[in-house]
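Structure assessment
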Amino acid sequence: MHTSLFITCYNDTLFPETGRAVVRLLERLGVSLDFKPKQTCCGQMHANTGFRAEAFSQAKRFVRLYQDAESVVIPSSSCVAMIRDQYPGLFQELGNQELRDQFAALLPRVYELSEFLIDKLGVEDVGASFPHRVTYHASCHGVRALHLGDRPYRLLSKVRGLAQMPLANTDRCCGFGGTFSIKNAEVSSAMMATKLQDIVATGAEYCTALDNSCLMHLGGAIHRQYASIKTIHLAEILATTEAEGAIA
Amino acid sequence: MSNTPTSHPILDPALAPTFPVAALNVLRNPQLRLNVAHATDIIQAKRGRLVAEKKDWQQLRTAASGIRAHVLENLGAYLEKFEERCTAAGGVVHWAADAAEARQIILEILQEEKASEVIKIKTMTSAEIQLNPFLEAAGIKAFETDLAEIILQLGKDEPSHIVVPALHVNRSQVREIFARTMGLPNLSDDPHALTDAARHYLRRKFLDIPTAISGANFLVAETGSVAIVESEGNGRMCLTLPRTLITLAGIEKILPRFQDLEVMLQILARSATGERMNPYNSLWTGVTHGDGPERFHVILLDNGRSGILSRPVERQTLKCIRCAACMNACPVYRQTGGHAYGSVYPGPIGAILTPQLAQMHHAQSLPYASSLCGACYEVCPVKINIPEVLIDLRAQVTNQERRRLNRFLDPMYLGMKIANLVFARAWLFHAAQTLGRIGLRLFTGKDGWIHALPSLGSRWTMTRDLRGLPNQTFHDWYATRAKESK
């Protein structure tokens, strides 16, 4: 099995450890990976802020870059949601038929990480060990755009030593929302405070998710408040084994 | 604690402050936030239970969405059919292009009736055209008869929700308003005592005032009928006791056939109040001599709606049946309540409807008043893809910005343009990462975290830290590793 990793712009810059975890995890599962050095951004930030033409240029770039890939795996649910939900409209409005055809051919081969593991590879037990109390934050795009359902929980349930701590109001937004966290910083913070109450109440040591953008928001607030909980991308939990330890 | 729920909310999109500014008022009012969160949680839970018991809910949604979409594609023909059938049944149909025309039509009818007072059923459309202050200036006193609207009218407050307009007011605040304005100093906050006080206040009005104004939930083209659903029966009083009834309805309220009500009434009650059926469903067709009002006027209001109809993505906004499920589900509304939206239509539907009704001249901050979490779309009984419309409206706002000479002075605009240049070329992206890492070192503390940033960044660091940028990007690590393994 071969796949191409689209790491996403913010993971590349801010969370390289998530990328390293995906590489370690997939290679352990026997997947050969490639990484296209020309990749940058899926265009979500521009699209969601109202910069459609700019988002289109990045969307087009993504399709051109990956059109020959056997499959693409992306460890960010909101970027996958951007590709699935927004590319069609962008290409309908601004693209030509050739681009639309290329995209239609590529789309079924684009996977979010937990989809790739469960739907494509057919594994739930990835051989991980993470002896900690963990709560899973189901990001909005994971729940309502990708319909990930119980995939993340199934993956977590097979991790040695891991205790899942159920999160109340799990489908409620953490308040990040991309540039929403800047344009409406106060409301965003109020939403985050509500979410943090639920997270802290779980008694977990770690809060995990399939989207580092939510975790950047929650983790930043947790750090500011000296709360005793850490944020970690699900890939990093799944990459951790007894033999190899945690991702550095 | 102040007994005034809010400080004079402004629900005029042309005058209201921007959403982030208006939201601050509420965020700093713990009682108000508690009231809103408590009320929306209760309605949400009721809705959830009643939707879950309906095994064909998704089919119902599909049917409702289909009916509404079909109406919008054939709106002109259905409106004409409604006019014809309603007129044949003895109603008088008026067409109003905008709020001013609608107000004038209503005023002229009332003057013809020599009315100095009028009773009203809860109608958000009348609030949209700011009818009450207009009538008051013309010497006509409008009395609200919906319990929530009475609370707001007597408390000199404004609606914060389209189904439960006084959702932000709690019981002890209602007691205070009634005690003060009805002259009942010993009133208790027992729900029975409060409704009893309202009943006494209302009975005289129902018996004395022979003219009523209503909105409409649905207009049935096939029969020329009007439908109103409500929970209290006060609306039923307004619809049956007066001599003259004036109904104000947006042009999108049409349903093609009488039997479409079967779908719409099921889906509306469950979505709006979490009930299997609304307690009062009133349906009438024109006038019937000796039974109910003898004169019946319908005003069909456009007020920006046909403009929305002409845009393919935004058109779905008009499918809305005003159930408010979106605001009850919205995590933003849960924090801010309705007044922050500066419009009679708050919440996610308001965030898309208000700027469009204002023809994008006002309320440009509303399309951004959402984290795009999608909870609204998930609960919408007529499948309005609110996030999709929000994003499209944001693009319209950006296109307005593109024409502004000083646009590059806006750090968000400038940042977006630069980011676009950078993302178009990998080498430039990598250079920007390096520059960013070096630049941010100036702000990174000894603990490796950034606690304060200037400019737009301060909007992040006001409540959140940011981990300092790692020394090695992922693509660097990957390239190094590939080289080493060769």
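A brief report on the enclosed structure follows. (Residues numbered from 1 in each chain as written. Chains lettered and ligands numbered in written order. Predicted model: local features only at pLDDT ≥ 70, side-chain atom pairs only at ≥ 80, totals over all residues. Heavy atoms only, no water.)

**Looking at the packing of helix α8 (residues 147–154) of chain B against helix α10 (residues 191–208) of chain B**
All names here are of chain B. This is how it is decided: Every axis corresponds to a line fitted to the C-alpha atoms, with the helix fit spanning only the stretch in contact, and the corresponding angles, defined between N-to-C directions, vary from 0 to 180 degrees. Each helix corresponds to a stretch of at least 4 residues labelled H or I by DSSP, and each strand to a stretch of at least 2 residues labelled E; elements are numbered beginning at the N terminus. Should an angle lie under 35 degrees it is considered roughly parallel, over 145 roughly antiparallel, and from 65 to 115 roughly perpendicular; all remaining angles are considered oblique. A contact between two residues is defined here by any heavy atoms of the two lying within 4.5 Å. We call Asp, Glu, Lys and Arg charged. Ala, Val, Leu, Ile, Met, Phe, Trp, Tyr, Cys and Pro are nonpolar, and the rest, Gly among them, are polar.
Running from N to C, α8 and α10 point in directions that differ by 80°, and their axes come no closer than 11 Å. Looking at the two axes, α8 sits roughly perpendicular to α10. Counting all contacts with α8, which are made through L147, I150, Q153 and L154, the residues of α10 involved are T195, A198, Y201 and L202. In the contact of α8 with α10, the residues fall into six nonpolar, two polar and no charged.

**Re the sheet that holds strand β4 (residues 110–112) of chain A**
Strand pairing within a sheet occurs via backbone hydrogen bonds; the two strands may be parallel or antiparallel. All names here are of chain A. Rule in force here: Paired strands, in this sense, are two strands between which DSSP finds at least two bridges.
An order of β2-β1-β3-β4 is seen for the four strands of this open sheet, with the pairing classed as parallel. Looking at which strands have only one partner, the edges of the open sheet turn out to be β2 (32–34) and β4. Sheet twist, expressed as the average angle between the axes of neighbouring strands with direction ignored, equals 35°. In terms of strand pairing, strand β1 (residues 2–5) meets strand β3 (residues 72–74) through two bridges, oriented parallel. Across the sheet, residue L5 finds its bridge partner in β3, namely V73.

**Looking at the sheet that holds strand β3 (residues 141–144) of chain B**
Residue and element names in this part refer to chain B. Strand order in this open sheet of six strands is β1-β10-β7-β4-β2-β3, and the pairing throughout is parallel. Every interior strand has two partners, whereas the edge strands, β1 (92–96) and β3, have only one. Averaged over all adjacent pairs, the angle separating strand axes in this sheet is 25°, with direction ignored. Note that strand β4 (residues 211–214) and strand β7 (residues 244–250) share four bridges and pair parallel. Note that in β7 the partner of S214 across the bridge is T247.

**Observations regarding the pairing of strand β2 (residues 117–120) of chain B**
Each regular strand shows side chains that alternate between the opposite faces of the sheet. Residues and elements named next belong to chain B. Here β2 runs beside β3; their pairing, made up of four bridges, is parallel. For V118, the partnering residue across the bridge sits in β3 and is A142. Pairing analysis gives two bridges linking β2 to β4, with the strands arranged parallel. Residue I119 lies in a different strand from β4, and its bridge partner there is A212.

**Some remarks on the pattern of salt bridges**
Here is the rule: Salt-bridge detection follows one rule: a side-chain nitrogen of Lys or Arg within 4 Å of a carboxyl oxygen of Asp or Glu. Only protein chains enter the accessibility calculation, which uses a 1.4 Å probe; a residue whose area is less than 20% of its type maximum is buried, one above 50% is exposed, and one in between is partly exposed.
Scanning all chains against the criterion turns up 34 salt bridges over all chains. A salt bridge links K36 of chain A to D34 of chain A; the nearest nitrogen and oxygen atoms lie 3.9 Å apart. For D260 of chain B, the salt bridge is made with R257 of chain B, and the minimal N-O distance between the two is 2.8 Å. With relative accessibility at 3%, the residue D260 of chain B sits in the buried group. We classify R257 of chain B as partly exposed; its relative accessible area is 38%. The network of salt bridges with common partners includes E124, D150, R154 and K158 of chain A.

**Some remarks on the nonpolar core**
Under the convention used in this document: Here, nonpolar core refers to any group of buried Ala, Val, Leu, Ile, Met, Phe, Trp, Tyr and Cys residues whose side-chain atoms link them within 4.5 Å.
Core analysis: the largest hydrophobic core is formed by 124 residues, its most contacted members being F19, F82, F178, F218, I254, M264 and Y341 of chain B. When residues of this core are assigned to their parent elements, the largest contribution, seven residues, is made by helix α12 (residues 260–272) of chain B. Residues within four places of F218 of chain B in sequence aside, it is in contact with S225, V226, A227, K253, L255, L261, M264, L265, L268 and I321 of chain B. Judged by nonpolar contacts, the second largest core, of 101 residues, contains C42 and L148 of chain A together with M412 and L453 of chain B.

**Let's talk about a nonpolar patch on the surface**
Inclusion rule: Patches draw on residues past 30% relative accessible area with no salt bridge. Two like charges within 9 Å are joined, as are two nonpolar side chains (Val, Leu, Ile, Met, Phe, Trp, Tyr) within 5 Å. The protein chains shown are the only cover counted for residues, whose accessible areas, like all others here, come from Shrake-Rupley with a 1.4 Å probe.
Together, F408, L414 and I418 of chain B make up an exposed nonpolar region whose accessible area comes to about 250 Å². Note that I418 of chain B resides in helix α19 (residues 411–423).

**Topic: unusual backbone geometry**
Comment: phi is negative for the bulk of residues other than glycine, and the bulk of peptide bonds are trans. Residue and element names in this part refer to chain B. Positive phi outside glycine occurs at N303, with the angle close to 50°. When you line up the elements, N303 lands in the loop between β10 (295–301) and α13 (305–309). The backbone of Q359 sits at a positive phi, close to 50°, despite the residue not being glycine. With respect to the element layout, Q359 can be found in the loop between α16 (347–357) and α17 (375–379). For Q359, a relative accessible area of 52% gives the class exposed.

**A closer look at the environment of A324 of chain B**
Residue and element names in this part refer to chain B. With respect to the secondary-structure elements, A324 resides in the loop between α13 and α14 (325–329). Using a relative accessible area of 3% as the deciding quantity, one classes A324 as buried. Sequence spacing of A324 and C376 is 52 residues, and the spatial spacing of their C-alpha atoms is 9.4 Å. Look past the residues within four positions of A324 in its chain and what remains in contact with it is H161, I162 and V163.

**Quick look at the interface of chain B and chain A**
Applied cut-off: By definition, the buried area sums, over both parts, the 1.4 Å-probe accessible area that each loses when the two are put together. By the criterion applied in these results, polar contacts are pairs of N or O atoms within 3.5 Å in which, for protein atoms, one can donate a hydrogen and the other can accept it, and in which residues neighboring in sequence qualify only through two side-chain atoms.
Each partner contributes residues to the interface: chain B has 62 residues there, and chain A has 64 residues. Roughly 5500 Å² is buried in total at the junction of chain B and chain A, and carbon and sulfur atoms are behind 61% of that figure. Summed over the three residues of chain B that lose the most area to chain A, namely M416, F423 and F474 of chain B, the buried surface amounts to 14% of that side. The interface formed by chain B and chain A includes nine salt bridges. Taking the shortest distance from any N to any O, the salt bridge between R467 of chain B and E17 of chain A comes out at 2.8 Å. Taken together, the links from chain B to chain A amount to 37 residue pairs in polar contact (both at pLDDT 80 or more).

**Side note on the packing of α8 of chain B against helix α9 (residues 171–181) of chain B**
For any two helices packed against each other, one specifies the crossing angle of their axes together with the interaxial distance. Residue and element names in this part refer to chain B. Put simply, the test is: For any pair of crossing helices, the crossing counts as left-handed if the nearer helix is rotated counterclockwise from the farther one by less than a right angle, and right-handed if it is rotated clockwise.
Two elements in contact, α8 and α9, have axes separated by 10 Å at closest approach and are oriented at 65°. Judged by the twist between their axes, the crossing of α8 over α9 is left-handed. Contacts between α8 and α9 involve L147, I150, I151 and L154 on the former and, on the latter, V174, I177, F178 and T181. Tallied by class, residues from the contact of α8 with α9 come to seven nonpolar, one polar and no charged.

**Section: the side chain of N212 of chain A**
Residues and elements named next belong to chain A. Secondary-structure assignment places N212 in helix α12 (residues 212–224). Polar contacts involving the side chain of N212 include one to the side chain of N11, which spans 2.8 Å. Ignoring sequence-local partners within four residues, the contact set of N212 consists of Y10, N11, F15, T18 and H233.

**Looking at the packing of aromatic side chains**
Put simply, the rule is: Planes of paired rings set the category: under 30 degrees apart is stacked, over 60 is edge-to-face and the rest tilted, where pairs are Phe, Tyr or Trp rings (Trp by its six-membered ring) whose centres lie within 6.5 Å.
According to the stated counting rule, one finds 24 aromatic pairs over all chains in the structure shown. The interplanar angle of 55° and the centroid separation of 5.4 Å between the aromatic rings of Y87 of chain A and F91 of chain A together place this pair among those described as tilted. Of the two residues, Y87 of chain A and F91 of chain A are both situated in helix α5 (residues 77–94); the distance of four residues between them amounts to about one turn of the helix. A centroid spacing of 5.9 Å and a plane angle of 45° characterise the contact between F474 of chain B and Y478 of chain B, whose relative ring orientation is tilted. Within this pair, F474 of chain B and its partner Y478 of chain B are both found in helix α22 (residues 474–484), separated by four residues, close to a single helical turn. Under the relative-accessibility criterion, F474 of chain B is labelled buried at 0%.

So yeah, pure geometry; function would need other evidence.
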